[in-house]
Amino acid sequence: MSGNLCSLEALSSSFQVHSKPRETSPLEYEATKPHANHLKFQKFNSLAQSARELSNKAICFHFEKTLLKSPSLFPYFMLVAFEAGGLLRALILFLLSPFICLVGGELGLNIMVFLCFFGIRKEKMRVGTSVLPKFFLEDVGCEGFDVVMRCGKKVGFSDLPRVMVGGFLKDYVSVDVVVARELKVVGGYFVGLMEAKNTNSLDSNLILGEKKSDYQAIGIIGCHNENMHEQLFSHCKEVYLVTEAEKQSWKSLPREKYPEPLIFHDGRLAFKPTQLATLAMFMYMPLGIFLCILRFLSGIFLPHSICTPILAFTGTITTISKPKSSISSTNGEGEKQRGRLYVCNHRTLLDPLYVQLATNKSLTAVTYSLSTVNEKIAPMKTVRLTRDRERDGEKMEKLLSQGDLVVCPEGTTCREPYLLRFSPLFAELTDDIVPVAIDVKVNMFYGTSASGFKCLDPVFHFMNPNPVYSLKFLENLPGSNTCKLGGKSRFEVANYVQNEIGRALDFRCTRLTRKDKYMALAGNDGCLKGSRKVTHA
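As annotated in an unreviewed UniProt entry, the protein carries the name Phospholipid/glycerol acyltransferase domain-containing protein and is attributed to Prunus persica. The record in UniProt for the protein states the following under Subcellular location (unreviewed entry): "Membrane". Under Sequence similarities (unreviewed entry), UniProt gives the following word-for-word description of the protein: "Belongs to the GPAT/DAPAT family."

This is how it looks when you write it as structure tokens:
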């Protein structure tokens, strides 16, 4: 009876293209076959609202139905198409999405898989661990997540390919067994086809463990999941049904409840690419390219007094907060007049440029990595560092003797409200240090990338409709907290500056480094478990 009610509910809420019955679209999580008749369902709300102990329970759950609030698979495939395949592949997927909705069912899902994965090199496919986890976490329903995390052993199954969901379920949900189909690979490249569905290898040991008395299995499933999962749920003494009506009332999982802090993620898209949002992006793209060119040309060729109002007119928002004390120099006694060192956290490659714009004077920026293209078009002097401490120290000493200097001691950008560990090299150079707290808000594209073309970072930033840059100049570092005047170690000074910037931005300080970031986004150790040392700023 419950299965029939779910079928009627799904049928009434589906968008009808023809009067004859059709398969439900994979964009709406629907499948073509009903559950096995012997499964008896209970209401999910009765489990979510109960306070009974579940740590001795093994849970078998459908990932999309139990955790995700969204009724659509399209955004996740669009992320794969755009980030792994490029703009053209994303456009093709978007144009074919009405046809995918029309054919529906397993065929529609296979079409999306083919469009997104065909010809993608397997070893470079890192979207599942570097991009998708952010969007999965933002779509997770608090009610479903709480139930799953209260259970002991976890078995999660998904209609999505394993390469899309495996990393997230293992690293963020602590799933013991992931049941999802693999993608076929030929010559190191995906061919866009999924392996056949097979649960014959599943036995009760996967669900209950070798000591079956230690766990009692429960299941959570959505309407119209396929018969292939009958064997999984045959071990469950209780099976709970999640309806779309229930999920509409779920609350989003707050950041403080994330099982692992989301510090690193990659990709260009800063929004969830639903069908309407993707349409808006493609319609905006020509205007975005025009705005990018206009902003670039004005920033490179025009003086600051003219460039600033043009940037504001085109939608670029810049806020600057500067205390009076930061205007005067505070060099040590007997020290000859030298340049001032501006120390800022790192959000995009444009950070030094905005510091120069805010101070209205020529600065020199030292960087660890900058593409040749960006180096040549930069409207300020840039100097590359070698990551050799002695050589870099000598180079920065020389630059400070010639004028003011701006440095980002994190060594790499971080998008989330966290600060990476500050390299202490800057602390030994001078006592005239001005911390600068920088925050960046974008609404369409990220202007940073770990795996993409870094020369395009400023392009994507300036293509945003309303990019916001906020700079807060803090008080000059007091002499008691410097190396030369205060007798502090370079590590103490670096940590002090990191904490001051973190406090100004309400960011959390970490001990993570540039190496940690690239290890995470390269897929070698996606969640850095055991090494994520996070402290309150």
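A.B. asks: Describe the pairing of strand 7 (residues 216–222), and please don't skip the residues or the numbers.
C.D. replies: Of all the 7 residues making up strand 7, 6 are buried; the element is thus mostly covered by neighbouring parts of the structure. The pairing of strand 2 (residues 57–62) with strand 7 spans 5 bridges and is parallel. If you follow Ala-58 over to strand 7, its bridge partner there is Ala-217. Examined bridge by bridge, strand 7 and strand 8 (residues 238–242) share 5 bridges and lie parallel to one another. Among the inter-strand pairings, Gly-219 is bridged to a residue of strand 8, identified as Val-239.

A.B. asks: Mind laying out helix 18 (residues 389–402), listing which residues take part and the relevant values?
C.D. replies: Relative to the 20 Å expected for 14 residues at 1.5 Å per residue, helix 18 spans 20 Å between its end C-alpha atoms, a close match to the ideal helical length. Looking at helix 18, one finds that the buried residues are Asp-392, Gly-393, Met-396, Leu-399 and Leu-400. The buried residues of helix 18 occupy one face: seen down the axis, they fall within an arc of 130°. Residues of helix 18 that are exposed and point more than 90 degrees away from the buried face comprise Glu-390, Arg-391, Glu-394, Lys-398 and Gln-402. The inward-facing, buried residues of helix 18 abut strand 10 (341–344), strand 11 (364–367), strand 12 (381–384) and strand 13 (405–407).

Definitions and cut-offs
Residues numbered from 1 in each chain as written. Predicted model: local features only at pLDDT ≥ 70, side-chain atom pairs only at ≥ 80, totals over all residues. Heavy atoms only, no water. UniProt positions renumbered as here; feature names shortened; annotations may be inferred. Buried < 20%, exposed > 50% of the residue type's maximum accessible area, 1.4 Å probe, protein only. Helix = DSSP H or I, 4+ residues; strand = E, 2+ residues; numbered from the N terminus. Pairing = 2+ DSSP bridges. Expected span 1.5 Å × (residues − 1). Arc of directions from axis to C-beta. Contact = heavy atoms within 4.5 Å.

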